[in-house]
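Architecture at a glance
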Amino acid sequence: GKRTMEKLCIYARDVMIAQITQLFGEDEDESVKDREAMAQYLQKCLQDYIAGGCKPPELGKPFPVDQQDTIGVADNGSIREGLNQKLAKTPEVSPTSSTKPTTSTAGSFPSKGNVI
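Figured I'd write up the structure that's included with this text. Keep in mind that what you see is a predicted model, and the values were worked out from it rather than measured.

Take the overall build of the protein chain next. Across its full length, the protein chain holds three helices and zero strands. Here the protein chain holds 116 residues, and 16% of them are scored as buried. When contacts within the protein chain are restricted to residue pairs at least 6 apart in sequence, long-range pairs at least 24 apart make up 59% of them. Counting every atom, the protein chain has about 9,000 Å² of accessible surface; 58% of that belongs to carbon and sulfur.

Here it is, written out as structure tokens:
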């Protein structure tokens, strides 16, 4: 079918949510708080990305301080601290290993030149 901006956005959303679920599971107890904290962190990162002219930070690094408002830095710092504590307690899982079967969509992401 046609590659539309809406389809690209839905695909990116689904990939992001699948990654959060893979990290924290689908349980309704403690993992809900963990998934919420991760979503809040990513939401703030996207806001920083937009505020910085949609230029990503260096891979694995936070956004430069001059791109962030001071409230955002504090908020993301506290969220990041909480996530680090949670992840320290979680057994390490490689991105390619999972206890549940997954479907790979790596080859199906449309190229950026074909969006209409």
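Residue Cys54 is not a glycine yet carries a positive backbone phi of 60 degrees. Mapped onto the elements, Cys54 comes out in the loop between helix H2 (30-51) and helix H3 (70-89). By relative accessible area, Cys54 is classed as partly exposed at 41%.

Turning our attention to H2. Between its terminal C-alpha atoms H2 stretches 32 Å, which fits the 32 Å expected from 22 residues at 1.5 Å a residue. When we look at burial in H2, the residues that qualify are Ser31, Asp34, Arg35, Met38, Tyr41, Lys44, Cys45 and Asp48. Gly53 sits one or two positions beyond H2 and adopts a positive phi of about 75 degrees.

It helps to recall that an α-helix has 3.6 residues per turn; residues three or four apart then point in one direction. Here helix H1 (residues 5-24) is 20 residues long and its end C-alpha atoms lie 29 Å apart, about the 28 Å a rise of 1.5 Å per residue gives. Restricting attention to buried positions, one finds in H1 the residues Leu8, Ile20 and Phe24. Looking straight down H1, one finds its buried side chains confined to an arc of 125 degrees; they lie on one side. Looking one or two places after H1, you find Gly25, whose phi comes out positive at around 80 degrees.

Rules used in this analysis
Think of each chain on its own: its residues are numbered from 1, step by step along the sequence as written. With pLDDT at 70 or above as the cut-off, local features in this predicted model cover only qualifying residues; side-chain atom pairs require 80 or more to be listed or tallied, and sums for whole chains, interfaces and linings still use all residues. Values shown for side chains rest on all heavy atoms present in the structure; no hydrogens or waters enter the calculation. The way it works is that DSSP assigns letters per residue, a run of H or I at least four long becomes a helix, a run of E at least two long becomes a strand, and they are numbered from the N terminus. Classification of residues uses two cut-offs on accessible area relative to the type maximum, computed with a 1.4 Å probe and protein chains only: under 20% is buried, over 50% is exposed, and between them is partly exposed. Here a residue-residue contact requires only that any non-hydrogen atoms of the pair lie within 4.5 Å. Computed with a 1.4 Å probe, the accessible areas rest on the Shrake-Rupley method; for each residue, only the protein chains presented here act as cover. Helix span, as expected, comes to 1.5 Å for every residue beyond the first. This arc is built from the directions going out from the helix axis to the C-beta atoms.

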